[in-house]
Amino acid sequence: ADLAVFEDRVELGSLSIPHLTEGAGHLRAHGTYFLDGRVDGGLDVYFPALQRDPNLRLIAPAIRGSVRADVDVRVQVEDPDSIDARGDVEIENFSGPGVRVGRLLLRGTARGPLATPTVDLRAEGENIVASGATVKELRLDLDGGPSRYEAHGKLELRAEGLPRTA
């Protein structure tokens, strides 16, 4: 860890935890954490096989798949209920109790009040199963804020996973 402590802040130049990824991936954090509540930091994670991580096996032994995430977040003390964030998250071949994901990619930004941020979000996915319903294909763009949001995209459901109505 590359850590420096000052009168008004703690700076984390880098924190790498290779043992969490069994040598095949990485978990890195960086940022500045101010004593007045401001945060400016990021996280870069790659777990190529969640099931190989000994800590995750203890907490959630049924989880399988890979996760990659690169996220940066900034919170200002003048407005602690606002956020400035950007990130990319990719999940592949994931399975857990009641959930399966062939592939899910989330990419976007969120800025402004936590309750109603201005967003620019892209979601793409394939073969997502939750509670018995199957999303065969997902393509979604969500833009807008803080008072109006627009979503455009494609959602293809697999019929056999849907509940029947009378």
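Calculation rules
Residues numbered from 1 in each chain as written. Predicted model: local features only at pLDDT ≥ 70, side-chain atom pairs only at ≥ 80, totals over all residues. Heavy atoms only, no water. Helix = DSSP H or I, 4+ residues; strand = E, 2+ residues; numbered from the N terminus. Buried < 20%, exposed > 50% of the residue type's maximum accessible area, 1.4 Å probe, protein only. Contact = heavy atoms within 4.5 Å. Areas by Shrake-Rupley, 256 points an atom, 1.4 Å probe, with all protein chains shown as cover. Lys, Arg positive; Asp, Glu negative; His and termini not counted. Charge placed at Lys NZ, Arg CZ, Asp CG, Glu CD. Pairing = 2+ DSSP bridges. Axes fitted to C-alpha atoms, helices over the stretch in contact; angles between N-to-C directions. Core = buried A, V, L, I, M, F, W, Y, C linked by side-chain atoms within 4.5 Å.

**Student:** Could you give me a rundown of the overall build of the protein, with the residues and numbers involved?
**Tutor:** A count of helical and extended segments in the protein gives 1 helix and 10 strands. Along the protein, helices and strands appear, N-terminal first, in the series β-β-β-β-α-β-β-β-β-β-β. For the protein, the C-alpha atoms occupy an extent of roughly 65 × 45 × 20 Å along the three principal directions. In the protein, buried positions account for 26% of the 166 residues. Counting only contacts in the protein whose residues sit at least 6 apart along the sequence, the fraction spanning at least 24 positions is 34%. For the protein, the accessible surface area stands at approximately 10400 Å², while carbon and sulfur atoms represent 56% of it. Averaging the coordinates of the 20 positive side-chain charges in the protein and doing the same for the 27 negative ones gives two points 9 Å apart.

**Student:** How would you explain the sheet that holds strand 7 (residues 99–113) if you had to name every residue and give the values?
**Tutor:** Strand pairing in a sheet takes place through backbone hydrogen bonds and is either antiparallel or parallel in direction. Pairing within the open sheet is antiparallel, and its 10 strands lie in the order 1-2-3-4-5-6-7-8-9-10. Sheet topology places strand 1 (2–5) and strand 10 (149–158) at the edges, where each strand pairs with a single neighbour. Within this sheet the neighbouring strands show an average axis-to-axis angle of 5 degrees, counted without direction. Direction of pairing for strand 8 (residues 118–130) relative to strand 9 (residues 133–144): antiparallel, over a ladder of 11 bridges. If you follow Glu124 over to strand 9, its bridge partner there is Arg139.

**Student:** Residue-level account of unusual backbone geometry, with values.
**Tutor:** Omega for the peptide link from Gly145 to Pro146 comes to -5 degrees, which places this bond in the cis form. On the secondary structure map, Pro146 appears in the loop between strand 9 and strand 10. One non-glycine residue, Asn93, adopts positive backbone phi at about 50 degrees. Its place among the elements puts Asn93 in strand 6 (residues 79–96). Since its relative accessible area comes to 61%, Asn93 is described here as exposed. With phi around 50 degrees, Ser131 is a residue other than glycine that occupies positive phi space.

**Student:** Any details on the pairing of strand 7? Residues and values, ideally.
**Tutor:** Bridge analysis of strand 6 against strand 7 gives 14 bridges, and the strand direction is antiparallel. Note that in strand 7 the partner of Arg86 across the bridge is Thr109. Between strand 6 and strand 7, which pair antiparallel in sequence order, lie 2 residues; one of them, Gly98, sits at a positive phi of approximately 80 degrees. Relative to strand 8, strand 7 is paired through 12 bridges, and the arrangement is antiparallel. Bridging from a neighbouring strand, Arg103 pairs with Glu126 of strand 8. Between strand 7 and strand 8, which pair antiparallel in sequence order, lie 4 residues.

**Student:** Explain the nonpolar core to me, using residue names and the numbers behind them.
**Tutor:** The nonpolar side chains of a soluble globular protein tend to be buried with one another. Ranked by size, the top nonpolar core spans 13 residues in total, and within it Val101, Leu104, Ile128 and Leu138 carry the most contacts. Those elements that provide at least two residues to this core are strand 4 (39–47), strand 6, strand 7, strand 8 and strand 9. In this view, Leu104 contacts Val89, Glu90, Ile91, Glu124, Gly125, Ile128 and Leu138; residues no more than four positions away in its chain are not counted.

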